Amino acid sequence: MVLKDKTVIISGASRGIGRAIAIELATAGANISFNYLKSADDALVLEEEIKDLGGNAKSFQADIKDYNAVTSWVDDTKKIFGSIDIVINNAGIIKDKALALMEQADWRDVISTNLDGTFNLTRAAIVTLIKQKSGVVINVSSVSGIVGMPRQTNYSASKAGIIGFTKALAKEVSAYNIRVNAVAPGFIETEMLDALKEEYKKQVLKEIPLMRLGRPQEVAKAVKFLVGDDASYITGQTIVIDGGMSIV
Ligand code: NAP
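Before going into details, it helps to say that this report is about the structure given with it. A quick note: this is a predicted structure, and the numbers were derived from the prediction, not measured.

Looking now at the sheet that holds strand β2 (residues 31-36). The seven strands lie next to each other as β3-β2-β1-β4-β5-β6-β7, forming an open sheet whose pairing is parallel. Two strands in the sheet have a free side with no partner beyond their single neighbour: β3 (57-61) and β7 (238-241). Within the sheet, the average angular offset between the axes of one strand and its neighbour, ignoring direction, is 15°. For strand β4 (residues 86-89) and strand β5 (residues 135-140), the ladder comprises four bridges, and the chain directions are parallel. In the sheet register, Ile88 faces β5, and the bridge partner there is Ile138. Along the sheet, helix α4 (residues 104-132) contacts β1 (7-10), β4, β5 and β6 (178-185); its crossing angle with β4, the most-contacted strand, is approximately 175°. Against the sheet, helix α6 (residues 153-173) contacts β5, β6 and β7, and its axis sits at roughly 160° relative to β6.

Shown next, in the form of structure tokens:
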């Protein structure tokens, strides 16, 4: 139970990668506070699943784009669990389109959710970590933010922005014993990939040296390593989890 008595606040854990991270960290002993946008039923199922594992979890409906809603979620988390030790910025969306056809709303929605959302949760929680002089922040970026993907200018920009945010914040808060790292998954089997055409997925598989999509649990294992003491000398880094897709 390496994370016993630690409290994790994680965005977007009702489904997919966030859900897998919540279960992985709860299994290691952490209390889990998570938010979601629409999936209230899935959120309750996760709460129950973590309680059945002997852990503590509380879900909150809060739009990650809404700074005031996120601040209330952070305040409620501190009231319920007493502190916050680990912040995980995971909530994210895609709205893929060629730039020539992209509406401003598609651009704004992706940047607001992925990049503003990362600011909102981290900003709302960082003073708590600074005051206690300890903490870990993990930001979920993407290979798309490293190599760039066609039809994803909005998404690639948001995820590259998250890597810059990670590096800058790591330097800024290292004196307070706070580490900040990112993970950059490749193609991971979640509902996010449902939006991609089958033909495109087949093409993608050809470009992955390990010849398969990743599993949410494989991202969660890397996050568990990064939040723990085994990663005590790692900060400002982006760990790529992509089956080798971005090897150059
Ligand atoms: P997913 O299955 O679509 O789940 C997205 C999660 O984010 C859900 O819990 C969703 O809540 C939540 N969310 C979305 N918009 C939100 C908002 N405005 N406010 C609060 N919560 C919101 O996606 P995923 O594949 O697990 O992706 C998780 C993260 O990994 C994202 O940042 C994504 O960009 C990144 N990533 C994914 C892949 C991949 O291949 N899957 C690859 C690289 C990076 P609701 O259930 O309520 O909608």
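Back to the text.
Counting residues in hydrophobic clusters, the biggest one holds 35 residues, and the most contacted among them are Leu25, Ile32 and Ile88. Counting only elements with at least two residues in this core, the list comes to β1, α1 (16-27), β2, α2 (40-52), β4, β5 and α8 (216-227). With seven residues, the single largest contributor to this core is α1. Apart from residues no more than four positions distant in its own chain, Ile88 is found in contact with Val8, Ile9, Ile10, Ser11, Ile21, Leu25, Leu121, Ile138 and Val223. Listed in part, the 21 residues of the second largest apolar core include Ile64, Val87, Ala91 and Ala124.

Residues in contact with the ligand amount to 33 residues; listed here are only the nearest, Lys38, Ser39, Asn90, Tyr155 and Thr190. In this structure, an oxygen atom belonging to the ligand sits 3.3 Å away from a main-chain N or O atom of Gly186. Here the ligand, which alone exposes 890 Å², has 96% of that area covered by the protein. Of all the elements in the fold, those that place two or more residues in the shell around the ligand are α1, β2 and α6. Tallied by class, the residues present in the shell around the ligand amount to 15 nonpolar, 12 polar and six charged.

Each value, and the rule that gives it
Residues numbered from 1 in each chain as written. Predicted model: local features only at pLDDT ≥ 70, side-chain atom pairs only at ≥ 80, totals over all residues. Heavy atoms only, no water. Pairing = 2+ DSSP bridges. Helix = DSSP H or I, 4+ residues; strand = E, 2+ residues; numbered from the N terminus. Axes fitted to C-alpha atoms, helices over the stretch in contact; angles between N-to-C directions. Contact = heavy atoms within 4.5 Å. Core = buried A, V, L, I, M, F, W, Y, C linked by side-chain atoms within 4.5 Å. Buried < 20%, exposed > 50% of the residue type's maximum accessible area, 1.4 Å probe, protein only. Near = heavy atom within 4 Å. Polar contact = N/O pair within 3.5 Å; in protein donor to acceptor, adjacent residues only side chain to side chain. Areas by Shrake-Rupley, 256 points an atom, 1.4 Å probe, with all protein chains shown as cover. Nonpolar A, V, L, I, M, F, W, Y, C, P; charged D, E, K, R; others polar.

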